[in-house]
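What the coordinates show
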Amino acid sequence: MKFCCVGDNCIDYYQHEKIAKPGGNPVNVAVYIHQLGGESSYVGAVGTDNFGIIMIDALKAQNVDISNVQIVDGKTAVTMVQIIDNDRVFGDYDEGVMKNFSLNDQNRSFILQHDIVISGYWGNIAHEFKNFKNHNITTAFDFATNLESELTLQTIPYIDYAFFSNDEKNDTELENYMKGMHAKGAKTVIVTRGKKGSVVFDGKNFYHFGIINCPVVDTLGAGDSYIAGFLYAIMQKKTIVEAMEAGAKRSAITIGYEGAW
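Summarised in this report is the structure supplied together with it. All values derive from a computational prediction rather than experimental measurement.

Reading guide: rules and limits
Sequence order as written defines the numbering, with residues in each chain counted from 1. Only residues with pLDDT of 70 or above have their local features reported here, since the model is predicted, and side-chain atom pairs are shown and tallied only from 80 upward, although totals for entire chains, interfaces and linings are computed over all residues. Only hydrogens and water are removed before side-chain values are computed, so all heavy atoms of the structure are retained for them. Two rings belonging to Phe, Tyr or Trp (six-membered ring only in the last case) form a pair when the distance between their centres is within 6.5 Å. Interplanar angles under 30 degrees mark stacking, angles over 60 mark edge-to-face geometry, and anything in between is tilted. Only DSSP runs of H or I covering at least 4 residues are called helices, and only runs of E covering at least 2 are called strands; the numbering of each starts at the N terminus. Each residue's exposure class comes from its accessible area (1.4 Å probe, protein chains only) as a fraction of the maximum for that residue type: buried when under 20%, exposed when over 50%, partly exposed otherwise. Two strands are counted as paired when DSSP detects at least two bridges linking them. To get an axis, a line is fitted to the C-alpha atoms, and for a helix only the part in contact is used. The angle between two axes follows their N-to-C directions and goes from 0 to 180 degrees. Whether two residues are in contact is decided by their heavy atoms: any pair within 4.5 Å suffices.

What to know about the packing of aromatic side chains
With the rule as written, the count across this model stands at twelve aromatic pairs. With a centroid separation of 5.5 Å and 90° between ring planes, the pair formed by Phe164 and Tyr177 is classed as edge-to-face. Taken together, the residues Phe164 in strand β11 (residues 161–165) and Tyr177 in helix α6 (residues 171–183) connect sequence positions 13 residues apart. Judged on exposure class, the residue Phe164 and its partner Tyr177 are both buried. Ring centres 4.4 Å apart and planes at 25° place the aromatic pair Phe201 and Phe206 in the stacked group. The class for Phe201 is buried, based on a relative accessible area of 5%.

Concerning the sheet that holds strand β9 (residues 116–120)
The strand order across the open sheet formed by eight strands is β4-β1-β9-β10-β11-β12-β13-β14, and the pairing between neighbours is mixed. Each of the sheet's edge strands pairs with one partner strand only, and the pair in question is β4 (39–43) and β14 (206–209). Averaged over all pairs of adjacent strands, the angle between their axes in this sheet comes to 15°, without regard to strand direction. Note that strand β13 (residues 198–201) and β14 share four bridges and pair antiparallel. Bridge pairing in β14 links Val199 to His208. Relative to β11, helix α7 (residues 222–235) is tilted by about 155°, and along the sheet it contacts β1 (2–6), β9, β10 (138–142), β11, β12 (188–192) and β13. Lying on the sheet, helix α8 (residues 240–254) is in contact with β13 and β14; it crosses β14 at an angle near 30°.

In structure tokens form, the structure reads like this:
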């Protein structure tokens, strides 16, 4: 199975330690997929600055296919990060060259050579998913906490595996929301709930899974890890509950060290 992760990347710059670590939702998922044993590609844009070199070199070291990464004159995206009480706190974000990122024809052709395409809310390619779906490629999208946005409502009809993050709604509210997203077109709706674990709705049944208890060093990448573990298991024809467990296990590994990977 070939996984293509498309969209945003950024350097997570830990201000106190003055350390630059590659990250970003699709980048993280691509790395985790490879670490799980899968074949993964990343499509996005980096700048011509030193941070762009760091991103490219790091992905090469992880054996992620970067043949379709665009290198654009300008700055690579950067997010300022602090660790407070073992939790990451995001500061200023400079979108850099990702602000104007769009796919070219070569990128589109490359993506369609994969079995599944994965992106997220800040990837700037949500409008491409109708085309992906029309070409019968499996689709997955991380909407994060954006439950009601216009982009979410426009994209959801073309998504096979729709990921959200919410620990505020009560069980009834959440189930009603998930039913609504399924009715709008999502094949399977997945919600991660932090310490409450995760919930999945496949149009017929709700499935629940807790967390894997582990020491917490840095929660950066926890959600992306879950997505990678879940999708890798699903593409191996595992059951939904097995996929939820795989996501929780991969997430537990990630939060046990500093940085996303």
